[in-house]
Amino acid sequence: MQRGTFIREARLVLVSKITRSSRDSPIFNVILTRVSLTAPYPKRTHTCGELTPAHAGIHVTLTGWLLPERKVSKTMSFFPIKDSSGTTQLVLRKGHANAHLTALSELPVESIIAIEGEVLVRPELSRRNEGTGQIEVQVNNFTLLNPAHRNMPFIPSDNQTLVNEDLRARFRYLDLRRTALADNIRKRSQVSRIIRDTLHDDGFLEVETPLLLKSTPEGAREFLVPSRVGQSSAQHDGKQTPLFYALPQSPQQPKQLLICSGAVDKYFQIAKCFRDEDGRKDRQPEFTQIDLEMAFVSWGVDSNIFSSNTWRIGGHEVRVVIEKLVRRIWQKVEEITLPSSFRVITYNEAMARYGSDKPDTRIDLEIQDITPSLPIHARASFEDLGDILEAIILRPSENSSFLRASQECDYENEPNISRSVIADSNLLNWLCDNRSINLRLSSEEHALLNKTLGVSSGDTIWLSRRRKIPEGGSTALGRLRTRISELAYARGDYVPPTIPHFLWVTEFPLFTRADPDKEFLARGRWSSTHHPFTAPMWQDIEAMYAGRIDQVRGQHYDLVLNGVEIGGGSVRVHDAAMQEYIFSQVLQLSDAEKSSFDHLLHALKCGAPPHGGIALGFDRLMAILCRTSTIRDVIAFPKTGAGTDPLFRSPAAINEEVLYQYGVRPTRC
């Protein structure tokens, strides 16, 4: 008898001789946890997800994880066996002829086994159309390859027991065994393939860019990597100075330099990026983006004519590529045909109508500026201060899905918001009664205002005063609009449309002082809304050089899906003098800060073509496609919301001796 056969049969005999009464004994546990097969075993002939009635009657060998037994009778049991491709139902018929198979019932759930058996078509009443639901495999023999621990932290196949997030993160290799997460990882791979195939077909070159770069003042906090390289020459005031690499927030500078080189006309990369920022459900300290850059993109249209749904900035070529890519992904993955082009609105329109720079246009609630409808004396009190009065008006006849949510919505955290419920008793004084607005109108003026706005008894009016020129990413009524829709959805009153709503938002302010995430670097100075390499709209170049910084719009475009920003890009500054002016005169960077961009400025002076690009958030995109609220469900080994990794126990302290090698001295309190 060959050694492998002997070991396998010895294992079967050993396990089969242990009775149910002794299965919980320490001896049994020791036997199962130590008797792993370390010898040849039957070769797998099929995966657990591929068998169909066409395979009926053939002998197969399957390998995978053993799932809980379902007993039909004393002599018959069903066992699912699972691998990464799916699950197959095993039939175990117990009797004198196959007494050795009873040992299968003694194995711990999630043990790794190899089974040999015959494919059978299920009885007609037991067939299911999904997966391998029309067949089953009658087991003739099995080999235990590796027994599972009897006290696992949790059982991945147990869908009835809720496991807390901390435990799932700590034992991610078990969590990934769950079907939902495994399906997400497979779908991510499928979408990666679609992206690469589509962009290769469009003439893009996939180029890898460095992960170890120099720290630059581009916006977000960076992760720093200490290095021993060059330590001997790093001196400051006669003292050894530690040197650091910075992990890239994005491949922004390398990809622009690629285009400047002329070696690459169309670049792309599925790139790893890093930002040292607080975790959220849609953020991770390390994340993946679909990164593109193109040479010779347009610089806008030679017109100041404005109409809704008009793309007036440059980068139209980028728009065409991205819309084609997104359409192909949704067609192949979701079997949904998207429109040939996506809707376009400006930042100002998005903030005015929806109160957000990434609006969810599925929500049938819009904000309106009611300042022009006020009497002249009331209107002047707003206009003189550069303010406007906005409203969301909910009518029972039009917004019934949101009425209960509107009544219950808590707005205490928004001091600039007030609510008026219109009844016959206050129909002609609802605005005067609003103490936060503090206006005086006559009954006749109220009646005219009601007629203009279409206000009647039973309506609910939300009001908010804000600056006429919008700033930041949302307004008070915009945040309220989102909260009302979320509450209505949670109550079951509102179900958003299933058709995805894609939207381009363009013409953002080029510079801002309203981004708290960038203030740690800006320190009261202007900062770039997108990044410092974004070009102004050609119509606003004169205003920028004249110092009217708040009037300058950028050639910046965001792609929004159902209220989630899934990508952003811009036309870049390709003129070195303009880029130098933005660094020095607008952003007021110090000489040390500007030195980080010397190589880019020099490249622009050496003949750089007009260029632009975009980056799509791959993790956010996959979370939407996988219908999960957190990107951690679409990343194989994610960080927690706090940015830590319980599985690999990172970040972690480093021995002081190692730190000294890098010139780093720990501080002592």
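Residues numbered from 1 in each chain as written. Predicted model: local features only at pLDDT ≥ 70, side-chain atom pairs only at ≥ 80, totals over all residues. Heavy atoms only, no water.

Student: Any details on the side chain of Lys255? Residues and values, ideally.
Tutor: Along the chain, Lys255 turns up in helix α6 (residues 252-261). Side chain to side chain, Lys255 and Asp291 meet in a polar contact 2.9 Å long. There is a polar contact of 3.5 Å between the side chain of Lys255 and the side chain of Glu293. With residues near it in sequence (within four places) discarded, Lys255 still touches Tyr267, Asp291, Leu292, Glu293, Arg572 and Ile614. (Helix = DSSP H or I, 4+ residues; strand = E, 2+ residues; numbered from the N terminus. Polar contact = N/O pair within 3.5 Å; in protein donor to acceptor, adjacent residues only side chain to side chain. Contact = heavy atoms within 4.5 Å.)

Student: A description of the environment of Tyr557 should follow, citing residues and the corresponding values.
Tutor: The topology assignment puts Tyr557 in strand β22 (residues 556-561). On the accessibility criterion, Tyr557 (0% relative accessible area) is buried. Along the primary structure Tyr557 and Arg467 are separated by 90 residues, whereas in three dimensions their C-alpha atoms are 23 Å apart. A polar side-chain atom of Tyr557 sits 3.2 Å from the main-chain carbonyl oxygen of Ser570. Within polar-contact distance, the side chain of Tyr557 engages the backbone oxygen of Gly613 at 2.9 Å. (Buried < 20%, exposed > 50% of the residue type's maximum accessible area, 1.4 Å probe, protein only.)

Student: Which residues make up the sheet that holds strand β17 (residues 417-421), and what values do they have?
Tutor: Ordered in space as β15-β16-β18-β17, the four strands form an open sheet in which the pairing is antiparallel. Both outer strands of the open sheet, β15 (368-369) and β17, are each paired with one neighbouring strand and no more. Inspection of the sheet shows β15 paired to strand β16 (residues 387-394) by two bridges, in the antiparallel sense. The residue bridging Asp369 from the neighbouring strand is Glu390, located in β16. Contacts from helix α12 (residues 476-491) reach β16, β17 and β18 (460-467), with the element oriented near 145° to β18. (Pairing = 2+ DSSP bridges. Axes fitted to C-alpha atoms, helices over the stretch in contact; angles between N-to-C directions.)

Student: Please give an account of the packing of helix α5 (residues 179-201) against helix α7 (residues 316-334) that cites residues and values.
Tutor: Between two packed helices, the angle of one axis relative to the other and the distance separating the axes together describe the packing. Close contact between α5 and α7 brings their axes to 10 Å; oriented N to C, the two are set at 140°. When the axis of α5 is compared with that of α7, the two are oblique. The hand of the α5/α7 crossing is right-handed. Residues Lys187, Gln190, Val191, Ile194, Ile195, Thr198, Leu199 and Asp201 of α5 form the contact with α7, whose own contacting residues are Val321, Leu325, Arg328, Ile329, Lys332, Val333 and Glu334. (Parallel < 35°, antiparallel > 145°, perpendicular 65-115°, else oblique. Left-handed = near helix turned anticlockwise from the far one by under 90°.)

Student: Explain the sheet that holds β22 to me, and be specific about the residues and the numbers.
Tutor: Pairing is mixed in the open sheet, where eight strands are placed in the order β7-β12-β13-β24-β23-β22-β19-β14. The sheet terminates laterally at β7 (205-206) and β14 (343-346), the two strands that pair on one side only. Pairing analysis gives five bridges linking strand β19 (residues 502-506) to β22, with the strands arranged antiparallel. Bridge pairing in β22 places Thr506 opposite Tyr557. Here α5 sits on the sheet in contact with β7, β12 (266-274) and β13 (286-295), set at roughly 150° to β12.

Student: Could you give me a rundown of the packing of aromatic side chains, with the residues and numbers involved?
Tutor: Applying the stated criterion across every chain yields a total of 14 aromatic pairs. Ring geometry for Phe583 versus Phe597: centroids 4.7 Å apart, planes at 20°, classification stacked. Of this pair, Phe583 sits in helix α15 (residues 576-586) while Phe597 sits in the loop between α16 (591-595) and α17 (598-605), and the two are 14 residues apart along the sequence. Judged by its relative accessible area of 0%, Phe583 falls in the buried class. Measuring from ring centre to ring centre gives 5.9 Å for Phe637 and Phe648, while their planes differ by 65°; the resulting arrangement is edge-to-face. (Phe/Tyr/Trp six-rings, centres within 6.5 Å; stacked < 30°, edge-to-face > 60°.)

Student: Go over the pairing of β18 with me, naming the residues and quoting the values.
Tutor: Along β18, six of the eight residues are buried, which leaves the element largely enclosed by surrounding structure. Strand direction decides the pairing type here: β16 and β18, joined by eight bridges, are antiparallel. Across the sheet, Glu390 pairs through a bridge with Ser464, a residue of β18.

Student: I'd like to hear about the pattern of salt bridges, residue by residue, with values.
Tutor: Close approach of charged atoms allows side chains of opposite charge to pair. Tallied over the full model, the rule gives 41 salt bridges. Arg467 is the partner of Asp387 in a salt bridge, and the nearest nitrogen-oxygen pair spans 3.2 Å. In this pair, Asp387 is assigned in strand β16 and Arg467 in strand β18, connecting sequence segments 80 residues apart. The residue Arg479 makes a salt bridge to Glu414 at a minimum N-O spacing of 2.6 Å. Residue Arg479 is located in helix α12, and its partner Glu414 is located in the loop between α10 (400-408) and β17; the two are separated by 65 residues in the primary sequence. (Salt bridge = Lys/Arg side-chain N within 4 Å of Asp/Glu carboxyl O.)

Student: Account for α10, with residues named and values stated.
Tutor: Among all positions of α10, only Phe402, Leu403, Ala405 and Ser406 are buried. Where α10 is buried, its residues contact β16, β17, β18 and α12.

Student: Can you explain the pairing of strand β3 (residues 76-83)? Please cite residues and give values.
Tutor: Buried residues dominate β3, accounting for seven of its eight residues. Bridge count for strand β1 (residues 59-66) against β3 is two bridges, and the pairing is antiparallel. Note that in β3 the partner of Leu66 across the bridge is Ile81. Relative to β3, strand β2 (residues 70-73) is paired through three bridges, and the arrangement is antiparallel. Paired with Arg70 across the strands is Phe78, a residue of β3. Taking the residues that link successive antiparallel strands as the turn, the β2-β3 hairpin has two residues.

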